Amino acid sequence: MHMKTLLILLVLALATIFALVCVLLTRGRAPSTCQHQPPEQEDTDDGQSLVFADLTPEEMVQVVRYLQGNLGVQLVDASRAKPSDNCIASVDLQVPAKAEVLRFLDGGGARPPREALAVLYFGNQPDPNVTEYVVGPLPTPAYHRDVTVQKYGGKVPYYRRPTLAVEYKQIAGFLKSQVFPTAPSFMRQVMEYDGASLAALTAAPRGFQSGDRITWFVLFQNVSGFFVHPVGLEVLVDHSSLDISQWAVSRVFYNGQYYRDMVQLESAYVQGRISVQKVRKAPRDGDFSSMKPRAPSAALFPLQYEPQGPRYSVRNNHVLFQAWSFAFGMSVNTGLRLFDVRHKGERVAYEISVQEALSVYGSNCPGGMSTRYMDGSFGIGRYTSPLVRGVDCPYLATYLDVHYLARSQVSRISKSALCIFEQNLGSPLRRHYSNLQSLYYGGLVNSALVVRSIATVGNYDYVWDFIFYQNGAIEGKVQATGYASSSFLHGDGLRYGNRVWEHTLGTIHTHSINYKVDLDVGAEKPISSLGSESGTGSPAGFLSVSGVGRKQAELAGTCDLLSDSHVSSRLPPHLTSNAFTPTGWSSWRAGGMDWGVPGLCEEDRGRRWHQALQVLRVRLGTEPGAAWAAALGHLLLGAGCRGIADDGGAVARGAVVLCLVLLRMEERRPCGVCCLPSFCPVGLREGEHPSAPSLRASLDCSPLRKRGKKNKPNQTQPLLSASHWEDPAAGNPPCQTVGTLSGSADMNVKTALILLILALATIFALVCVLLTRGRAPSTCQHQPPEQEDTDDGQSLVFADLTPEEMVQVVRYLQGNLGVQLVDASRAKPSDNCIASVDLQVPAKAEVLRFLDGGGARPPREALAVLYFGNQPDPNITEYVVGPLPTPAYHRDVTVQKYRGKVPYHRRPVTGKEYVDINALIQRELRKAPRFLATCCESDGTDLAILTTAPRGFKSGDRATWFVLFHSVAGTGYYLLPVGLEVLVEHRDLRVSHWQLRQVFYNGRYFASMGVLEEAFVASLLEVVRIPKPQAEAVLGSMRPQRPPGSPGPLQYEPQGPRYSIRGNRVTFQGWSIAFGMNPNSGPRLFDIRYRGERIVYELSLQEALALYGSNCPGGMLTRYLDGSFGIGRFAYELVRGLDCPYTATYVDRHYLAESETPKTNQNSLCIFEHDAALPLRRHFSDSQSLYYGGLRKNTLVIRAISTLINYDYIWDFMFHSSGAVEVRVHATGYISSSFLHGRGTDYGNRVGPHTLGTMHLHHIHYKVDLDVDGQLNSLETQDMAYKIMKEPWSMQNTIEQLYLRRERLEREDEAAFLLNTPMPRYLSFASPNPNKWGHPRSYRIQITSFAGEHLPASSPMERSISWGRYQLAVTRRKEEEPTSTSIYNQNDPWTPTVAFADFIDNETITNEDLVAWISVGFLHVPHAEDVPNTVTVGNGVGFFLRPYNYFDEDPSADSPDSIYFSSEQDARACGANPLACLPPAAACAPHLPPFRYGGFLNLSLALPPGGL
């Protein structure tokens, strides 16, 4: 063929290749499936944990067979046994004695024999009894021993036996065949009984004295959720006789009246002597009790998934997660139990187990008033229900079956009854943002392992969780859902609960849960550790972490075969180093960078390719195919190996291997020589998150396609084998092979022909890719939120000031006050300056006229705080300036707000004042050079200085203790005290007159630094030498101690966010909220509505108090009131993916403080929907009808985080689909510390060589202006009480009847509940308007707090924090009482500008506009685990606002996320079950925006060097 023709064809081929590549690059690509990596921690258990393992079905069978053949009595199957029979009630594991187990686990002793505990009912004996046998050894039993007397001190009487299921069936048959027929007219006409239309629910206990077996059975309509459909009929059955024919009815109850039996009831009915309450017959689905969805499915909820697979491992009954290891099991009676719980190889707890769940009921019906359920006797483990993927646990959790033998001789299985998963809690475990001394951020996302089971015992579903946190903490938690138990409403029924339907009384009851926790703390380290303490567990080899098992070994072997050929000598050294590990097919990690490998560009490419093909042909025994050609095409285009993996479809993994082989033959070339720029090696750009590139790469996968059918990592799927070189898509033939390459480097016809063939092969490969490539979009498609925002800008009445408005206010004040104003950032105390400008929130009456009454929009105004130091009478003045955006007036509101002028000494300390104080201290430190050099290896300039507060002991004082610390860049200096503290007097307005009044060092006080130096020189001073810390080993460093591992679970929104934000307003599933940020007091929310009705007018943070104790002056005096420093002002930028979920919405906040220029804290507030990985409500029914109904707990979260010197406060406001609002604060950051000396440990714990973690309390105060169904509300309380009474059906026994005590509080003094004193369990803001069932529409306040003791009332500064006296105080709302404190209280707490105690003046609070003032907090005694800094686990407090009869039923019943399916439906069908639609609907790659962080850019935000 002519050379020119060949060249023309070659050019055309290349043009075709270019066109095909363009199509590929612009066409949607199906997301790849997530690549799993094995967990980092290798399981070295070697089967030791099996000593705690539940019995297998085979073992249970062997135990039953052994007992049947060796007891010498006939055993009837318990599923059909009569009370007079012998039967096996249950078989469960007999846990070996702890001493035996520890000898085996820790001492190398023999494995304890495996034994079972069998419970037998002997009814067919002269002395009927319950006997327990230990049977062993398993799996082949050879002995049994009676342990009953040993365990219980005597035989167990037969009447104590739990009721078998068959006995309930026999009682039901007795009622149906012998009892109900005796009242035919009543049953037919009143009950509409047809033989199957009633369901019976047992009460317990069964009588009033030992030997009784007399049970009340409550009758309900036999419909879905029958527990809330009582018909008013209850029957007392005496079933104590072992002869069923002797059972009898002892009493009958109907609608408040007792009868001897059904015959007497029938007679009274026929004669018209009873009051009949006809209950409307409910449809089969239960009507109001139905859990069927009432709204069509909408946009998918957020999901969590694991980009590189689970980071935990489950092997038999043993779990490994990071440093945790434990064995798990399920007791048939008591439920979930854990054994041998270890952290970092050391046993923390030998056993953690559920013991009992008690429910005590109250009612005026006999069944309810006598019920005290002990659920262990029913079987918490036995009734552990199957878990529904995606509601009960995350869709991608690991699900395990539970086997049990109870009430039958055949073992049963509860499918997927236990789940294990790692949960990203959507918040930091710990974090700190620093702009003092050095600029850095450190944090750790709060990701925990959860072990969960859910037991459905009758009406209630108990969610049992054991949670393992990364900081070594364990949380045991139970949550109750399901159906309420109810009674028939009659007479004084409302003394025992609330009416929830026409004839249904939701009865008062308590839930009490008991756990056993066998802690083994501080034991010797086990000889045989159950888990590796560290290490990746990954063998060497560049593909070793992509999978495990035999096939992986084959692939690794292939790589080794290739590496020993002559071409491997050309491999660049960095590719063969041990640090070269893959994160997946699409990227290769080396030294913290993502590398795109440059293409080949040597002139002798053809020869080298030919060599590579020959190597692979010889080694692997196969011919090159289309996948190989695709590899060549990618390299030809300069795409490198990354592009191959991106293609998927017809491009087999073999192409990647070939690509790597080819690259081994090439010298490393600089990017840009012959590779596309988009595939250049990617390093970290300045300011970029170190893990962001790899994180985004790891997320580019299809989450719900990443596991096999059982939702577990596929351990055996080969990554590559000889038979899988080609990977054709289903239904398409594989691409055909091409010829081999040959020829020389000379440009002749043969070379051109070879290139043409290669080009045609490349075209063919690209066509294969196009034909087989998925057409799904590469990123998740967003749907608009369902709820349309109809606000029309009304919420802007609450909007924070814009920077432009702030500038206009400053200009107006500069031109209209008639005094010179100095910029506060450089103002001296003797100057006039603008301290701050913020929104002046309009009066509530004006706002409501505008929002609700169609009135005019209130004028927009600002509140400006000015410091007038350059006046004869220096003072603080507050002006309201308006209207905005063009101010035309100002008015002085100081006297109106504070009833007088505000003295100048009360002003908060400015940044400029701290600069001047720092300069003074530095001058004074130079007077003691030898002392500083000896004690601290310092000249003073490298020491950090921390303020204390308040500043003296009486009004007018301004003398502050400053504590000195070693300062190491990039770390928290708060843990490095040097023992030196100084007292600075800075009251005078002339900075030159400030002086250092006193010095403290190591327990002694000195008049000055000079005197201290003299004492040191004269050897009269005991000096503790503290070497200057090194950055790499400093106490409190937050730098990671180990390289990053696999990313944990991440949340994404398959169809986009389901909330919307417009201006300062967010809407979400019926909720609408206006949000803002006060620079001083922090987050504030307004006009909170649910389903269009206002619930809360204002919900705002007021103050955060930290009160310390120490034997050093700085610590012993400190009472920080953080509002004076600026809770909102210091809410800095949030770190994407750690402080909030990566895909959250981030909002900027603006403020003007201590400057004439507005500042922006960008991304300082985040809003997101959080997947709580928990059902909000659910019920599994296996009685009367078979169905499941549930709803995921998804919550809208509004969050800000304030860094106030050492502490970081996480402020959360959460909105639930049940209509509840949750407010929560977590504390993290660094503890404050003192120098350890003398009796320092009386005030805390030693946490470092010379560091005392000082005890302190955190108290947080909130304002909650509830408007429940209108402004006019009253305060109602409800609580439980017992009364001793004769049981009404025989009057022979006494009963402790639980009842509901209701009270309406009339005055403010009654509604002021002191801290740490009992408070009514139910406290509600009640509307005068009733709901459908006649109850006042109400919202309940439920507080969760562990507050320390309030400051004694005798303290001269107590009035300034008098809000802390009360856990809750309810007052009438007054416009002149907008806040519970003032920023001026910090520096003059002895004459407080605002004293909250004055708000409580015993005014009436009935049908008034009320405000709830809520205090929450906790005592913190720092300990070793607070280093490097404090974690959020266990350090969270808050409160709920929960609807209480506000609605007619649970509003979440209307949620489009509801799930329901029954035994009559195929739960796998998408049409019947929306969860079945998840795999295809959620199979998209989340789009992650590039990581950016600008928190260090606006350095003017930072306080001056030297800190506070």
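Read on for a plain summary of the structure. Counting from 1, residues in each chain are numbered in the order their sequence is written. Where local features are concerned, this predicted model is filtered to residues with pLDDT of at least 70; where side-chain atom pairs are given and counted, the filter is 80 or more; whole-chain, interface and lining totals use all residues. Heavy atoms from the whole structure form the basis of all side-chain values; hydrogens and water molecules are not counted.

Glancing now at the overall build of the chain. In DSSP terms, a helix is any run of H or I states spanning at least four residues, a strand is any run of E spanning at least two, and both are numbered starting from the N terminus. Scanning the chain from terminus to terminus reveals 25 helices and 66 strands. Think of it in three bands: with a 1.4 Å probe and only protein chains considered, a residue is buried below 20% of the maximum accessible area for its type, exposed above 50%, and partly exposed in between. In the chain, which comprises 1508 residues, the proportion classed as buried is 60%. For the chain, long-range pairs separated by at least 24 residues make up 70% of all intrachain contacts whose partners lie at least 6 apart in sequence. Accessible surface area values rest on a Shrake-Rupley calculation with a 1.4 Å probe, where residue burial reflects the displayed protein chains alone. Accessible surface for the chain amounts to roughly 57900 Å². Of this, 53% is attributable to carbon and sulfur atoms. When checking whether two residues touch, look at their non-hydrogen atoms; a contact exists if any pair is within 4.5 Å.

With that settled, consider the nonpolar core. Counting residues in hydrophobic clusters, the biggest one holds 120 residues, and the most contacted among them are Phe931, Leu980, Leu1099, Trp1211, Phe1215, Tyr1262 and Leu1266. The leading source of residues in this core is strand 47 (residues 1093-1108), at 7 residues. Residue contacts for Leu1099: discarding those within four places in its chain leaves Arg1084, Leu1085, Ile1088, Phe1213, Val1221, Val1223, Lys1263, Val1264 and Phe1439. To form a nonpolar core, buried Ala, Val, Leu, Ile, Met, Phe, Trp, Tyr and Cys residues must be joined to one another through side-chain atoms within 4.5 Å. In this structure, Met330, Phe378, Leu400 and Tyr1460 belong to the second largest nonpolar core, which totals 43 residues.

As paired elements, strand 32 (residues 832-840) and strand 49 (residues 1145-1153) share 2 bridges and run antiparallel to each other. Paired with Ser836 across the bridge in strand 49 is Ala1153. In this scheme, strands are said to pair when DSSP sees at least two bridges between them. When strand 49 meets strand 50 (residues 1159-1183), the two strands line up antiparallel, connected through 6 bridges. Among the inter-strand pairings, Tyr1146 is bridged to a residue of strand 50, identified as Cys1166. The hairpin formed by strand 49 and strand 50 contains 5 residues between the paired strands, and Glu1154 there has a positive phi angle of roughly 55°.

A separate point is the pattern of salt bridges. By convention in these notes, a salt bridge is any Lys or Arg side-chain nitrogen within 4 Å of a carboxyl oxygen on Asp or Glu. Here the structure, examined in full by the defined rule, presents 76 salt bridges. For Asp77, the salt bridge is made with Arg80, and the minimal N-O distance between the two is 3.9 Å. Asp77 sits in the buried class, given a relative accessible area of 9%. Among the ionic pairs, Lys1263 bridges to Glu1098, the shortest N-O distance being 3.1 Å. One end of the pair, Lys1263, is in strand 57 (residues 1256-1266); the other, Glu1098, is in strand 47, with 165 residues separating them in the sequence. An identical accessibility class is assigned to Lys1263 and Glu1098; each is buried.

Patch criteria: residues need more than 30% relative accessible area and no salt bridge. Like-charged residues are merged within 9 Å; nonpolar side chains of Val, Leu, Ile, Met, Phe, Trp and Tyr are merged within 5 Å. A cluster of nonpolar side chains, Ile8, Leu9 and Leu12, forms an exposed patch at the surface whose accessible area comes to about 260 Å². Mapped onto the secondary structure, Leu9 falls in helix 1 (residues 3-26).

A few words now on a negative patch on the surface. When charges are counted, Lys and Arg contribute as positive and Asp and Glu as negative, whereas His and the chain ends are disregarded. By convention, the point assigned to a charge is CZ for Arg, NZ for Lys, CD for Glu and CG for Asp. On the surface, Glu1303, Glu1306, Asp1309 and Glu1310 cluster together into a patch of negative charge. Mapped onto the secondary structure, Glu1310 falls in the loop between strand 59 (1294-1305) and strand 60 (1312-1314). Residue classification places Glu1310 among the partly exposed residues on the basis of a relative accessible area of 36%.

With that out of the way, let us pick up the sheet that holds strand 54 (residues 1233-1235). Spatially, 54-56-55 is the arrangement adopted by the 3 strands of the open sheet, whose pairing is antiparallel. The sheet terminates laterally at strand 54 and strand 55 (1244-1248), the two strands that pair on one side only. Averaged over all pairs of adjacent strands, the angle between their axes in this sheet comes to 40°, without regard to strand direction. Direction of pairing for strand 54 relative to strand 56 (residues 1251-1254): antiparallel, over a ladder of 3 bridges. From the neighbouring strand, Ser1234 faces strand 56, where its bridge partner is Leu1252. All axes are obtained by fitting lines to C-alpha atoms, using only the stretch in contact for helices, and the reported angles, taken between N-to-C directions, cover 0 to 180 degrees.

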